[in-house]
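Each chain is listed here by its residues.
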Amino acid sequence: SYDNPSSAIKEEMLNRFKVKSEIYVKDGGGSTSPLGSSVQFFNCSMDYGATPYSNLTRNAERLRKVFSVLGDINNYPLFYHCRIGTDRTGICGVAINGLLGVPFNEVIQDYAFSNFGKIDGQRYPHKDSDPNGDDCAKYIDELLAMPGKNFQEQVIYSLLSIGIPEQTLKNVINIMTIGNKATFPTDIAVANGGN
């Protein structure tokens, strides 16, 4: 299990991939990485489950922290995870890829690969397709309801609206792209809010 990784996993993560930071988005506590004290541990545990308000709002503080870590080059190489890597990890992946300008259909196609793993049920791209309305589908529908000319603008608008600073988003783009940098739309205006 991840909580007690084998020496082979530690060897791969620490020596081959040179992991410096871990972003923990699973619910619950934790203050140290099971990989050891050389790995910075960022507890960004996300709430998971039905609530009467927006998923983005519900996890705004945690998403701000995730993107703050992603926006600092000194934290790389890093990895992020939750319990099974589909919903909370999934929305981080959807938001990161959307921010970088990956088209929506490609983001959803990548997310659908989750269904090939042991993930406690099927995952869908939209909550209306799923009678249980798993959390990542709720996030995706919220992102698609935001203003913007394309998915990247909808994601940027969403992230700005929950209080992630524009400079942090630009840092993430610059860190995660090489060559021709992903563009940051200049015509998105949002009243930044923490809630």
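That block above? That's the structure.
Since the model is a prediction, treat every value here as computed from it, not as a measurement. Starting afresh in each chain, residues are numbered from 1 along the sequence in its written order. Reporting in this predicted model follows two pLDDT cut-offs: at least 70 for local features of residues, and 80 or more for side-chain atom pairs to be given and counted; totals over whole chains, interfaces and linings ignore these cut-offs and use all residues. Neither water nor hydrogens contribute to the side-chain values; these are computed over all heavy atoms in the structure.

Enquirer: For the overall build of the protein, give the residues involved together with the corresponding values.
Expert: Strands here are runs of E lasting at least two residues and helices are runs of H or I lasting at least four, both read from the DSSP assignment and numbered beginning at the N terminus. Secondary structure assignment for the protein yields 8 helices and 3 strands. Starting at the N terminus and ending at the C terminus, the protein contains elements arranged as α-β-β-α-α-β-α-α-α-α-α. Per-residue burial over the protein gives 44% buried out of 195 residues. Throughout, a residue-residue contact means that at least one pair of heavy atoms, one from each residue, lies within 4.5 Å. When contacts within the protein are restricted to residue pairs at least 6 apart in sequence, long-range pairs at least 24 apart make up 59% of them. Here the accessible surface of atoms and residues is derived via Shrake-Rupley with a 1.4 Å probe, and residues count as covered only by protein chains that are part of the display. Summed over its atoms, the accessible surface of the protein is roughly 10100 Å², and 50% of this surface lies on carbon and sulfur atoms. When a residue's accessible area, from a 1.4 Å probe over protein chains only, is under 20% of the maximum for its type it is buried; when over 50% it is exposed; and in between it is partly exposed.

Enquirer: Talk me through the pairing of strand β1 (residues 21–24); I want residue IDs and the actual numbers.
Expert: Where burial is concerned, the two faces of β1 agree: the one with Ser21 and Ile23 and the one with Glu22 and Tyr24 are both buried. By the bridge criterion, 4 bridges tie β1 to strand β2 (residues 40–43) in an arrangement that is parallel. Each residue of the ladder has a partner; that of glutamate 22, found in β2, is phenylalanine 41. Examined bridge by bridge, β1 and strand β3 (residues 78–81) share 4 bridges and lie parallel to one another. What sits directly across from tyrosine 24, in β3, is histidine 81. Two strands form a pair only when DSSP identifies at least two bridges running between them.

Enquirer: Could you give an account of the pattern of salt bridges, with specific residues and numbers?
Expert: When a carboxyl oxygen of Asp or Glu is within 4 Å of a side-chain nitrogen of Lys or Arg, the pair counts as a salt bridge. Counted according to the given criterion, the structure contains 3 salt bridges. Note that glutamate 12 and arginine 16 form a salt bridge whose closest N and O atoms lie 3.0 Å from each other. Separated by 4 residues within a single helix, glutamate 12 and arginine 16 lie in helix α1 (residues 7–16), roughly one turn from each other. What makes arginine 16 exposed here is its relative accessible area of 58%. Notably, a salt bridge pairs glutamate 153 with lysine 149, separated by 3.6 Å at the nearest N-O pair. Judged by relative accessible area, which is 8%, glutamate 153 ranks as buried.

Enquirer: Let's hear about the packing of aromatic side chains: which residues, and what values?
Expert: For Phe, Tyr and Trp, rings pair up if their centres lie within 6.5 Å, where Trp contributes its six-membered ring, and each pair is then called stacked (planes under 30 degrees apart), edge-to-face (over 60) or tilted (otherwise). Applying the stated criterion to the full structure yields 2 aromatic pairs. Geometrically, the ring pair formed by tyrosine 24 and phenylalanine 41 is tilted, given 5.4 Å between the ring centres and 45° between the ring planes. Residue tyrosine 24 is located in strand β1, and its partner phenylalanine 41 is located in strand β2; the two are separated by 17 residues in the primary sequence. Accessibility expressed as a relative area gives 16% for phenylalanine 41, which makes it buried.

These results come straight from atomic positions and should not be treated as a statement about function.
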